[in-house]
Amino acid sequence: MQARLEDVTMRDARELATQDGPLVIRGMTVAYDRKPAVFSVDATFRPGRITGIIGPNGAGKSTLLRAALGIVKPLAGQATFFGTTLSRSRDRVAYVPQRASVDWDFPARVVDVVAQGLYRRLGLLGRFGRDHDDMVKAALERVGMEDFSARQIGQLSGGQQQRVFLARALAQDAMLYLLDEPFAGVDAATERAIIKVLKALRSEGRTVIAVHHDLSTVEEYFDDVLVMNVRKISDGPVGTAFTPEALDTAYGGRLEQGTRDPQKALA
Amino acid sequence: MLRDALTFQLGYNATLVTVAAVLLGIAAGVTGTFLFLRKRALVSDAIAHATLPGIGLAFIALTLSGLDGRHLPGLLAGSAITAMSGLFAVQWLSSRTRLSEDAAIGAVLSAYFSLGIVLLTVIQTMSTGQQAGLESFLLGSTAGMLLSDAILIALGGLLVVALVFLFRRPMSLVSFDPGFASTSGVRLDRIDLTMMGLVLGVTVVGLKVVGLILIVALLIIPPVTARLWTNRVELVVVLSGAFGGIAAWLGASLSASAPDLPTGPLIVLVSFCAFAVSMAFAPRRGLLSSFVRHRRFQTGVHLRQGLLALAQGQPIYEPLTIRLLKARGFARADGMPTREGTIRAARAFRDEKRWEVARATPELELAAALYDGLTQIEDVLTTDQIAEIDRRMGPPEAVQ
Amino acid sequence: MNGEDFVTFSLTPLLIGSLAALACALPGNFLVLRRQALLGDAISHVVLPGIVLAFLVTGTISTWPMLLGSAAAAVVAVVLIEAIRRFGRIEPGAAMGVVFTAMFAAGILALEQSDTSGVHLDVEHALFGNLESLIWLDATGWASLVDPVALAGLPPELFRISLVTVIIGLCLAVFWRPLAISTFDEGFARTLGLPVRAIGLGIVIVSALAAVAAFDAVGSIIVIAMFICPPAAARLMTNRLGAQVAWSAAFALIAATLGFTLSGSGPAWLGSEHAVSAAGMVGTVAGMILACAALFGPARN
């Protein structure tokens, strides 16, 4: 202990620029109402892998993603995307929010939502042309929703809504995909369709990070995991980080503690 | 003049008006608390605006049947009827269509108000040979109020306060925890209806004093002000009633002390002053204390994170953390920990480890939930519990 | 009514009323979809102190100080509401109720205190406008529409509301995509790099401009009917955003023309020689359109 303290060096924040993984999170702390939802989390996500962020309800998994993306303001810490700031790498980052975070009663059709993914290409007044139409169609086909393109989004099932959200992200054609609980409350067919798309993205060399809570499918779906409960508990390849000890620390008899859901606290 | 007004020395009528206003203020503050805690404060705005067509219709009906159209009880009865229909319209629109309650409130209040304005212009053209003076219901007017009217308002205010007292238990239960209330046998819809009935009562009673546009302020501002000071429902109710009563007393007195000072806006502004002071200085929820507490918490978190990083030999990236460590003398200019810093880091690290053990210990689970990244475990657990934790952690080799 | 009378007494109020309804209904769509319909309520109330303040400072009723004063009042109101909501941890409805009633009360008090003799700004006018008074006295018939002298006598309110309506229409067209995306999914909009807060504030400022421009015509309370009723009715007619905005514009125009016509001619049909409040009638018709949409609209539930 004493010996290790001697080795401590404080590096300047500028050095962060040398880290150029798709997403590097440093010292991230987020508090809602002076109660930390995420405390001092460091994480480096490896390119070309599917990483699951695992932990019990209220463990701050979604909050970590939202803080990295600047949707909530962290108390301390920062995130770098591809070695630079988020604002310089927005074209390479796609985000799939929790399905329940929006009002599906909004007057829009499936195609309208997927076309939102093309905003950074189109800009304010860019004409929506044939090629854009094709991109929307291709994204819908990848998630198996091509027959629903004219459907009002409020009339879709939960699984279909989730696929529409994924299609919107696919239309962004990003290198890093951040998904918040993509498998929550969806049917088995949708779950299979989504994981198929995620694995295809990986084989194209893209990086996928998904918040996930179903422990039984972790080994099947993910290459890497980040196990957390407010603090990071372990991270790395599933084989080494997804251990009974890590889960014990994360869940350890505290499953009922999930009442303090940060998503709800935010709303 | 103002002192005379405040001490009820301005004659019998003015005194009675002030008393009526105070009772109204108390009734509104108390009733509004339940409405506010139920998160439906602005439903009262729809109810208030929906009184206008009722006043107009009542005037027309009274005049057509040969009575004095300005008969206050008649006008108030009419206003209550359309206000109730406005309330039902809001509930119907928000439950039967896809419109949300806020859109329903806005639509109902503006449509009813518009209809009321149409009726007022109809009345202006009716040849009754006298000024109807119904415009005074828009912003209230206590000038030249009839003695009988003042008595009516005072009695009405008293009645609402009595009814609130009667229904205080189920209403607190419903506004505090509707889910629990319904499982414990309280009829949610009935209590909600009672609550809305009381709001309607306050509105109708307040029409003449404050006017229908601003009555909603009496129902909202005192409860919000009270809420800034306390978390206890029963205290919020009492404080809110007190704030409402005092604001009404000061406002009505100020208004009586000089001409051209309308009662309604003055009561609202006095009420708002109390709110503004509370918003600035209230403990916990006030701006000042929020700011101080946030800064203190942020500093604490940064220091803790920095010390933990020092203890584990991890690099620190956050400039603010580094600045704070240096300012406290925990780190030297070159970023190396000082002697003090090393000790503090080791302590923070031990504390963090103890929390970790506490979390994994079923019987300490409740205490472990108090973790906020800042609280020392010594503040939460007894010495015996900590000794037990240290025993589980093994010998304190590196610590100290 | 012959053509001459129509041009003099009905054409300009009809135009001003229609443009006012349109200018309010367009941003109103986004207020309704963002569940901020009551922000429209708040904005329309705080426009009054903004106008009174501008009046007290400049001593005249002129366009630019009024527009600026009201926009400033709306921004102040929104900032206060947000501060109360965030720091006081008070639910938004109650926070709004605190702010707009207090600001409105201050406006009324200032209005009663200020010497308004000779200048057309009184409480009743502020509450429900005076659409009927916005007539074109210089007009002598349809030919006046091409007569520069007569055109110079058009009520200034017409230019004000035309300008504001054009600005609002342009804003809507240019910022359509960011408006739609940030209204539907704010988190996603943020990751696209859209200035979500600025967009929200922009809607407030545009609504305040619409409210102040419509102030002369319908006053500060009936304007809420214009903000909310046409978009709410439109939402019950369709499930597409573009179509909803088109429906709301149509409903706004119908409410304005039908309301104005009824207010002038309706009493005559019933045998009365007096007209009723045009602004009130416009708001009433808007409410009835919403009632019909709520009962029969194809997308009502």
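Residues numbered from 1 in each chain as written. Chains lettered and ligands numbered in written order. Predicted model: local features only at pLDDT ≥ 70, side-chain atom pairs only at ≥ 80, totals over all residues.

Novice: Quick rundown of the overall build of chain C? Include the residues and the values.
Specialist: Counting its secondary structure elements, chain C contains 12 helices and zero strands. Going from the N terminus to the C terminus, chain C shows its helices and strands as α-α-α-α-α-α-α-α-α-α-α-α. Against the 2.2 N^0.38 benchmark of 19 Å for 301 residues, chain C shows a C-alpha radius of gyration of 19 Å, consistent with a compact globule. C-alpha atoms of chain C, sized along the principal axes, occupy 60 × 50 × 35 Å. The buried share of chain C, taken over its 301 residues, is 58%. The contacts of chain C with a sequence gap of at least 6 include a subset with a gap of at least 24, amounting to 74%. (Helix = DSSP H or I, 4+ residues; strand = E, 2+ residues; numbered from the N terminus. Rg over C-alpha atoms; globule rule 2.2 N^0.38 Å. Buried ≥ 20, exposed ≤ 12 C-beta atoms within 10 Å, placed from the backbone. Contact = placed C-beta atoms within 7 Å.)

Novice: Can you tell me about the packing of helix α6 (residues 101-125) of chain B against helix α12 (residues 278-296) of chain C, naming the residues and giving the values?
Specialist: Relative orientation of the contacting elements α6 of chain B and α12 of chain C amounts to 140°, with a least axis distance of 7 Å. The orientation of α6 of chain B relative to α12 of chain C falls into the category oblique. α6 of chain B and α12 of chain C meet at a crossing whose hand is left-handed. Together, A107, S110, A111, S114, L115, I117, V118 and T121 of chain B of α6 of chain B and A279, G280, M281, G283, T284, A286, G287 and L290 of chain C of α12 of chain C make up the contact between the two elements. Here the contact of α6 of chain B with α12 of chain C is composed, by residue class, of nine nonpolar, seven polar and no charged. (Axes fitted to C-alpha atoms, helices over the stretch in contact; angles between N-to-C directions. Parallel < 35°, antiparallel > 145°, perpendicular 65-115°, else oblique. Left-handed = near helix turned anticlockwise from the far one by under 90°. Nonpolar A, V, L, I, M, F, W, Y, C, P; charged D, E, K, R; others polar.)

Novice: I'd like a rundown of the nonpolar core, residues and numbers included.
Specialist: Core analysis: the biggest nonpolar cluster contains 310 residues, and A20, A23, A214, M226 and V282 of chain C have the highest contact counts within it. Element by element, the count of residues in this core is highest for helix α10 (residues 196-235) of chain C, at 25 residues. Leaving out residues up to four positions away in the same chain, A20 of chain C has contacts with I161, A213, A214, A217, V218 and M226 of chain C. By size, the runner-up hydrophobic cluster in this structure holds 14 residues, among which are L307, A309, L310 and Y317 of chain B. (Core = buried A, V, L, I, M, F, W, Y, C linked by C-beta atoms within 7 Å.)

Novice: Describe the interface of chain B and chain C, listing the residues and the values that go with them.
Specialist: Residue-level contacts link 51 residues of chain B with 54 residues of chain C. Considering each element in turn, the side of chain B that touches chain C owes the most residues, 16 residues, to α6 of chain B. Its residues assigned to classes, the side of chain B that touches chain C shows 34 nonpolar, eight polar and nine charged.

Novice: For α6 of chain B, give the residues involved together with the corresponding values.
Specialist: The end-to-end C-alpha separation of α6 of chain B is 36 Å, in line with the 36 Å expected for 25 residues at 1.5 Å each. Here α6 of chain B lies mainly inside the structure; 22 of its 25 residues are buried. (Expected span 1.5 Å × (residues − 1).)

Novice: So what about the sheet that holds strand β4 (residues 76-80) of chain A? Which residues, and what values?
Specialist: Sheet architecture is open: three strands sit in the order β2-β1-β4 (chain A), paired in antiparallel fashion. The open sheet has two edge strands with one neighbour each: β2 (35-45) and β4 of chain A. Recorded for the sheet is a direction-independent mean angle of 20° between the axes of neighbouring strands. With seven bridges joining them, strand β1 (residues 23-32) of chain A and β2 of chain A adopt antiparallel strand pairing. By the bridge assignment, M28 of chain A is partnered in β2 of chain A with V41 of chain A. Strand contacts of helix α15 (residues 287-311) of chain B: β1, β2 and β4 of chain A, with the helix running at about 140° to β1 of chain A, the strand carrying the most contacts. (Pairing = 2+ DSSP bridges.)

Novice: Talk me through the sheet that holds strand β5 (residues 93-96) of chain A; I want residue IDs and the actual numbers.
Specialist: Residues and elements named next belong to chain A. Strand order across the open sheet formed by six strands is β5-β6-β7-β3-β8-β9, with mixed pairing between neighbours. Two strands in the sheet have a free side with no partner beyond their single neighbour: β5 and β9 (231-237). Looking at each pair of strands side by side, their axes are set apart by 15° on average, direction ignored. The strands touched by helix α6 (residues 158-171) within the sheet are β5 and β6 (176-179), with β5 carrying the most contacts at an inclination of about 170°.

Novice: Quick one: what's the story with the packing of α10 of chain C against helix α11 (residues 241-269) of chain C, residue by residue and with numbers?
Specialist: Residues and elements named next belong to chain C. At a closest axis distance of 8 Å, the pairing of α10 and α11 adopts a crossing angle of 130°. Relative to α11, the element α10 is oriented oblique. Once α10 is placed against α11, the crossing between them reads as right-handed. Counted together, M226, P230, P231, A233, A234 and R235 of α10 and Q244, W247, S248, F251, A252 and A255 of α11 form the full contact between these two elements.

Novice: How would you summarise the domain arrangement of chain B if you had to cite specific residues and measurements?
Specialist: For chain B, the domain assignment lists domain 1 (2-282) and domain 2 (288-393). The C-alpha centroid of domain 2 of chain B is placed 52 Å from the C-alpha centroid of domain 1 of chain B. (Domains from an automatic or database assignment.)

Novice: Tell me about unusual backbone geometry, and name the residues and values.
Specialist: Residues and elements named next belong to chain A. Non-glycine residue F82 carries a positive phi angle of around 50°. Structurally, the position occupied by F82 is in the loop between β4 and β5. Since 20 C-beta atoms lie within 10 Å of it, F82 is described here as buried. For E181, which is not glycine, the phi dihedral falls at a positive 50°. Among the structural elements, E181 can be located in the loop between β6 and α7 (188-203).

Novice: I'd like a description of the pairing of β2 of chain A, backed by residues and values.
Specialist: For β2 of chain A, the buried fraction is high: eight of the 11 residues fall into the buried class. Two successive antiparallel strands, β1 of chain A and β2 of chain A, enclose a turn made up of two residues, where D33 of chain A displays a positive phi of approximately 55°.

Novice: How would you sum up the confidence of the model for chain C? Please name residues and give values.
Specialist: All names here are of chain C. Here chain C shows a mean pLDDT of 88. Residues at 70 or above account for 95%. Across chain C, helix α8 (residues 176-184) holds the top mean pLDDT of 96, while helix α5 (residues 123-128) sits lowest at 74. Model confidence for the complex: the whole-complex pTM is 0.87, and ipTM, which rates the interface, is 0.91. (pLDDT = per-residue confidence, 0-100.)

Novice: Provide a residue-level description of the environment of S141 of chain B, including the pertinent values.
Specialist: Its location among the elements puts S141 of chain B in the loop between α7 (136-139) and α8 (147-166). Each C-alpha atom, one on S141 of chain B and one on L87 of chain B, is 25 Å from the other, the two residues being 54 residues apart in sequence.

Novice: For the environment of P230 of chain C, give the residues involved together with the corresponding values.
Specialist: All names here are of chain C. You can see P230 is positioned in helix α10. Residue P230 is classed as buried on the basis of its 34 C-beta neighbours within 10 Å. Counting along the chain gives 50 residues from P230 to G280, while the straight-line C-alpha distance between them is 15 Å. Once residues within four sequence positions are removed from consideration, P230 is found in contact with A25, G28, S248, F251, A252, A255 and A286.

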